[in-house]
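One letter stands for each residue in the lines below.
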Amino acid sequence: MGALAPERLIQLGLLAAALALTGLGFAVAFFARKSRSQRDSTMSTISAFIEKDASPSFVCTADGEVLRANAAARQAYATRRGETLAGTLRNTFANPGGILFRLKNQAEIDGAAREDIVTRKGHMRLAVHEMEDDTLLWRLESAPDTGQGRGADGPGLPMLMVGRTGAILYMNESARKLVGSRAKTLESVFDQVPLKIGAVTPLTTSQGPVEVLVTKVDAGAGRRAFYLLPPPEEMEKGGAWASLEDLPVPLVRFSPDGEVRSFNRSASDLIGAALKKGENISDLMAGLGRPIADWLEETVSGRAVQQSEFLRLSRSDKEMFVQVVLNRMHDDGEVSIVGVLADATELKTLEAQFVQSQKMQAIGQLAGGVAHDFNNLLTAISGHCDLLLLRHDQGDPDYSDLVQINQNANRAAALVGQLLAFSRKQTLRPEELDLRDTMSDLTHLLNRLVGEKVTLTLSHDPVLKPIRADKRQLEQVLMNLVVNARDAMPDGGEIQIETECMTLAEPLERDRVSVPAGDYVCLRVVDRGVGISPDKLQKVFEPFYTTKKTGEGTGLGLSTAYGIVKQTGGFIFVDSTLGQGTCFSIMFPVLEVTTPKAVAPKVAKPMAEPKHGDGVILLVEDEAPVRAFASRALRLRGYTVLEADSAEAALKTLEDATLNVDLFVTDVVMPGKDGPSWVREALQERPDVRVVFVSGYAEDRLSDQQREIPNSVFLPKPFSLNDLAETVHQQLH
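The paragraphs below set out a description of the structure included in this document. (Residues numbered from 1 in each chain as written. Predicted model: local features only at pLDDT ≥ 70, side-chain atom pairs only at ≥ 80, totals over all residues. Heavy atoms only, no water.)

Moving on, we come to the overall build of the chain. The helix and strand inventory of the chain stands at 19 helices and 30 strands. Within the span of the chain, comprising 733 residues, buried residues form 43% of the whole. A separation of at least 24 residues holds for 56% of the contacts in the chain among residues at least 6 apart in sequence. Working note: accessible area of the chain is about 39,600 Å², and carbon and sulfur atoms make up 52% of it. (Helix = DSSP H or I, 4+ residues; strand = E, 2+ residues; numbered from the N terminus. Buried < 20%, exposed > 50% of the residue type's maximum accessible area, 1.4 Å probe, protein only. Contact = heavy atoms within 4.5 Å. Areas by Shrake-Rupley, 256 points an atom, 1.4 Å probe, with all protein chains shown as cover.)

Throughout the structure, instances matching the rule amount to 3 aromatic pairs. Centroid distance Phe 58 to Tyr 77: 6.1 Å. Interplanar angle 55°. Geometry classified as tilted. Of this pair, Phe 58 sits in strand S1 (residues 57–61) while Tyr 77 sits in helix H2 (residues 71–77), and the two are 19 residues apart along the sequence. (Phe/Tyr/Trp six-rings, centres within 6.5 Å; stacked < 30°, edge-to-face > 60°.)

Here 5 strands make up an open sheet; going across it, the order is S18-S20-S23-S25-S24 and the pairing mixed. Whereas interior strands pair on both sides, the edge strands pair on one side only; in this sheet they are strand S18 (454–459) and strand S24 (571–577). Recorded for the sheet is a direction-independent mean angle of 20° between the axes of neighbouring strands. In this structure, S24 lies alongside strand S25 (residues 581–589), joined through 7 bridges in antiparallel fashion. Bridging across to S25, Ile 572 finds its partner in Ile 586. (Pairing = 2+ DSSP bridges. Axes fitted to C-alpha atoms, helices over the stretch in contact; angles between N-to-C directions.)

The next thing to look at is the sheet that holds strand S29 (residues 690–695). Taking strand neighbours across the sheet as the criterion, the 5 strands line up as S27-S26-S28-S29-S30 in an open arrangement whose pairing is parallel. Lying at the two open borders of the sheet, with one neighbouring strand each, are strand S27 (640–644) and strand S30 (712–716). Neighbouring strand axes in the sheet, compared pairwise and without regard to direction, differ in orientation by 20° on average. For strand S26 (residues 616–620) and strand S28 (residues 663–667), the ladder comprises 4 bridges, and the chain directions are parallel. Looking across to S28, one finds that Leu 619 is bridged to Val 665. Across the sheet, helix H15 (residues 624–636) is in contact with S26 and S27; its angle to S27 comes to roughly 165°. Across the sheet, helix H19 (residues 721–732) lies against S26, S28, S29 and S30, angled at about 175° from S30, the strand it touches most.

Take the packing of helix H11 (residues 435–450) against helix H12 (residues 471–487) next. One can describe the packing of H11 onto H12 by two numbers: an axis separation of 10 Å at closest approach and a directional angle of 40°. In terms of axis orientation, H11 runs oblique to H12. As for how H11 packs across H12, the hand of that crossing is right-handed. Taking contact as the criterion, the partners of Leu 435, Thr 438, Met 439, Asp 441, Leu 442, Leu 445, Leu 446, Leu 449 and Val 450 in H11 are, on H12, Lys 471, Leu 474, Glu 475, Leu 478, Met 479, Val 482, Val 483 and Arg 486. The residue inventory of the contact of H11 with H12, partitioned by class, reads 12 nonpolar, 1 polar and 4 charged. (Parallel < 35°, antiparallel > 145°, perpendicular 65-115°, else oblique. Left-handed = near helix turned anticlockwise from the far one by under 90°. Nonpolar A, V, L, I, M, F, W, Y, C, P; charged D, E, K, R; others polar.)

Core analysis: the largest hydrophobic core is formed by 38 residues, its most contacted members being Leu 446, Ile 467, Ile 495, Ile 497 and Ile 586. Ignoring anything within four residues of it in the chain, the contact list for Ile 497 reads Met 439, Leu 446, Leu 456, Thr 457, Leu 458, Ser 459, Val 482, Leu 523, Arg 524 and Val 525. Listed in part, the 22 residues of the second largest apolar core include Leu 270, Ile 292, Leu 296 and Leu 326. (Core = buried A, V, L, I, M, F, W, Y, C linked by side-chain atoms within 4.5 Å.)

Here we come to the pairing of strand S20 (residues 493–504). Where S18 and S20 come together, 6 bridges link them in parallel fashion. Looking across to S20, one finds that Thr 457 is bridged to Gln 496. As paired elements, S20 and strand S23 (residues 518–527) share 10 bridges and run antiparallel to each other. In the sheet register, Ile 497 faces S23, and the bridge partner there is Val 525.

Before going further, it helps to examine H15. The terminal C-alpha atoms of H15 lie 18 Å apart, and with 13 residues this matches the ideal 18 Å at 1.5 Å per residue to within 8%. Among the residues of H15, Val 626, Arg 627, Phe 629, Ala 630, Ser 631, Ala 633 and Leu 634 are the ones counted as buried. Where H15 ends, the next residue or the one after it, Gly 638, has phi of about 95°, a positive value. (Expected span 1.5 Å × (residues − 1).)

Turning our eyes to something else, we now look at unusual backbone geometry. A cis geometry characterises the amide bond from Val 193 onward to Pro 194, with omega recorded as 10°. Along the chain, Pro 194 turns up in the loop between helix H5 (173–179) and strand S8 (200–205). Between Lys 717 and the following residue, Pro 718, the backbone shows a cis peptide bond with an omega angle of -5°. Tracing the chain through its elements places Pro 718 in the loop between S30 and H19.

You can see Thr 88 is positioned in helix H3 (residues 85–88). Of note is the side chain of Thr 88, whose polar atom sits 3.0 Å from the backbone oxygen of Thr 84. Those residues within four positions of Thr 88 in sequence are excluded, and the remaining contacts are Phe 58, Val 66, Tyr 77, Thr 79 and Glu 83. (Polar contact = N/O pair within 3.5 Å; in protein donor to acceptor, adjacent residues only side chain to side chain.)

The subject of this paragraph is the pattern of salt bridges. Here the structure, examined in full by the defined rule, presents 17 salt bridges. Across the salt bridge formed by Arg 524 and Glu 500, the nearest N and O atoms sit 2.6 Å from each other. Taken as a pair, Arg 524 in strand S23 and Glu 500 in strand S20 lie far apart in primary sequence, 24 residues in all. Here Asp 667 and Lys 717 are joined by a salt bridge, their closest N and O atoms 3.6 Å apart. Of this pair, Asp 667 sits in strand S28 while Lys 717 is found in the loop between S30 and H19, placing the two residues 50 residues apart along the sequence. Per residue, the accessibility class of Asp 667 equals that of Lys 717, and both read buried. Each of Asp 53, Arg 139 and Glu 141 takes part in one network of salt bridges that share partners. (Salt bridge = Lys/Arg side-chain N within 4 Å of Asp/Glu carboxyl O.)

Negative charge collects at one region of the surface, where Asp 63, Glu 65, Glu 130, Glu 132, Asp 133 and Asp 134 lie side by side. Structurally, Asp 63 can be placed in the loop between S1 and strand S2 (66–69). (Patch = residues over 30% accessible without salt bridge, like charges linked within 9 Å, V, L, I, M, F, W, Y side chains within 5 Å. Lys, Arg positive; Asp, Glu negative; His and termini not counted. Charge placed at Lys NZ, Arg CZ, Asp CG, Glu CD.)

This part is about the environment of Gly 569. If you trace the backbone, Gly 569 turns up in the loop between helix H14 (557–568) and S24. Residues Gly 569 and Ala 469, spaced 100 residues apart in sequence, show a C-alpha to C-alpha distance of 8.7 Å.

The next point concerns the side chain of Glu 475. Here Glu 475 shows up in helix H12. Buried charged residue Glu 475 carries no salt bridge. Nearest counter-charge: Lys 471, at 4.5 Å. Each residue touching Glu 475, except ones within four places of it in the same chain, is listed here: Thr 438 and Leu 442.

Our next topic: helix H8 (residues 292–301). Buried within H8 we find Ile 292, Trp 295, Leu 296, Glu 298 and Thr 299. Take H8 and look down its axis: the buried residues cluster within an arc of 160°, on one side only. Two residues or fewer after H8 comes Gly 302, characterised by a positive phi angle close to 80°. (Arc of directions from axis to C-beta.)

Shown next as structure tokens:
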């Protein structure tokens, strides 16, 4: 019996498992039946709801299979369950599959969608609503011919619906009668394609060419509706102007002196309440660059070279631009002007953004080039000043003057650094930073900057994450923002500096910039000062633009801050209300911290006075003043210096195989071959020679090429005598 016990236990276990699986199967079947019953109940409720609807209605799956159809649908289309809706409507619409797909996608976004469609039997409105269980409710009804829907005929006006490729998808009855046949492409009815909107254009018809005024309305999905209006001379005949009231194209009729005589509803919606009979066009729009009256006079006399112009509407609620095309017409022997308008706000906004980016790029390139030339001059000035200081002690009457020259040369170097920061061509030294520590180190200096009448308060996020930035440059940004905040409060006040972590679940679109989704550390500098007016707010980051009085600001502070933040990979925004204050917000991406390997701490060596050395140095520099200073400085330290004013001259010198050279000191950017190019060529024959690159440009102009050159270092201009001597000494030793 004991031997049979394990087998009995196994049988009992299998029996229990079988019972459990059976119970689970019953439970699954029960819930499935319950769910199906609920779905059938919901479907029956919807079917009962739509059954008596006079308009054909369908309940379909997401794939278009018809699940239910009401009585009107069964009578009109003989719909059977299991058919597709596209197949059911194939004799109603030219392309039912495309229409259904477009509406279904829109319904997935908005929950519902509808579209007015022109068919052989008239205008039809197809609507769809998203329901539970991935089902869709479709409803089809007759739509009134209002002239506003997709493919609408307009109030008795000929209309052509044209696709992306220029093919005519549809012509209304008026257009077919005018042309005399069903045209397939724009080229078959117009000689000049693309069409000039708002201008009188010859139309090819069966009765010969007919002049029409062409207007265009965007019909969505890449389609365009072209309306063919009578020429301006015929608009008043037979009340044609009254028929334009509901046309979805803004039209305004002026007298020769610019007084508004009539307009349609679309023009009123575009221009606003200011558009009234008797108003003058000069009061409604501006920005032509010359009197609008002159343009009207040229149009009336037929001397207008440019019929189309972009003007800015005089609206107080928002900034809008319109494209205006003027045409002359005769009204009972009296001359009038018809203006065809189109909203050009988006176009002008994009144009302004492009022009601004081009201007900033051009100024940035100019600033980088100017900075390079100034660095060469400052190197020569400060370098020769250092040479003079070597021959004068503190008791010399000229010593203080030399010190002043040296100090002002350093100030000029700082200004050049600002130019490089704006042009984003400076060399950054990024490191991991905790903004709490950075602000703590900077607080003392900032308090001295703001003075006694202004209070500085700090507020930190308790769980602030680290960022990666150049600490020195970040301090420069903060000082610029705090000084601006102080100047905005001449009577004193409080400056708040706040830090917080923030997470963007989706990209942030603001001020023509898209900030990617992710984690950021936000730094804000807030003041309660005079604020910045809206018209000046968009210009605050432009170089040399300042709201301060003449002589009080250079206009480089905020442009420098902008350049540093963008070069660091961050974003800077400004919010301001006139009379209430300003807030500058800087967003830095959070640094993803990885566990670093343990590295033995380096013991900092004390800076020793540059020693006299020996060795042969080949100095290559195209700027004669810089070359003269550098050669004298190195000779004073005991080195033998060979000079060359170009890369070609340096290579010519190195052709002497008996010449022993220990170090190359070369400029990076020179006429002819640049520094890295000739050095690579020279190292093929002299691989052990070390290199010092010097340049007034940023190090990033060199970095990729320098990595390929062993034993090379970079020395930025302007450099002092000690900087040069110390760098050379370290390279040789």
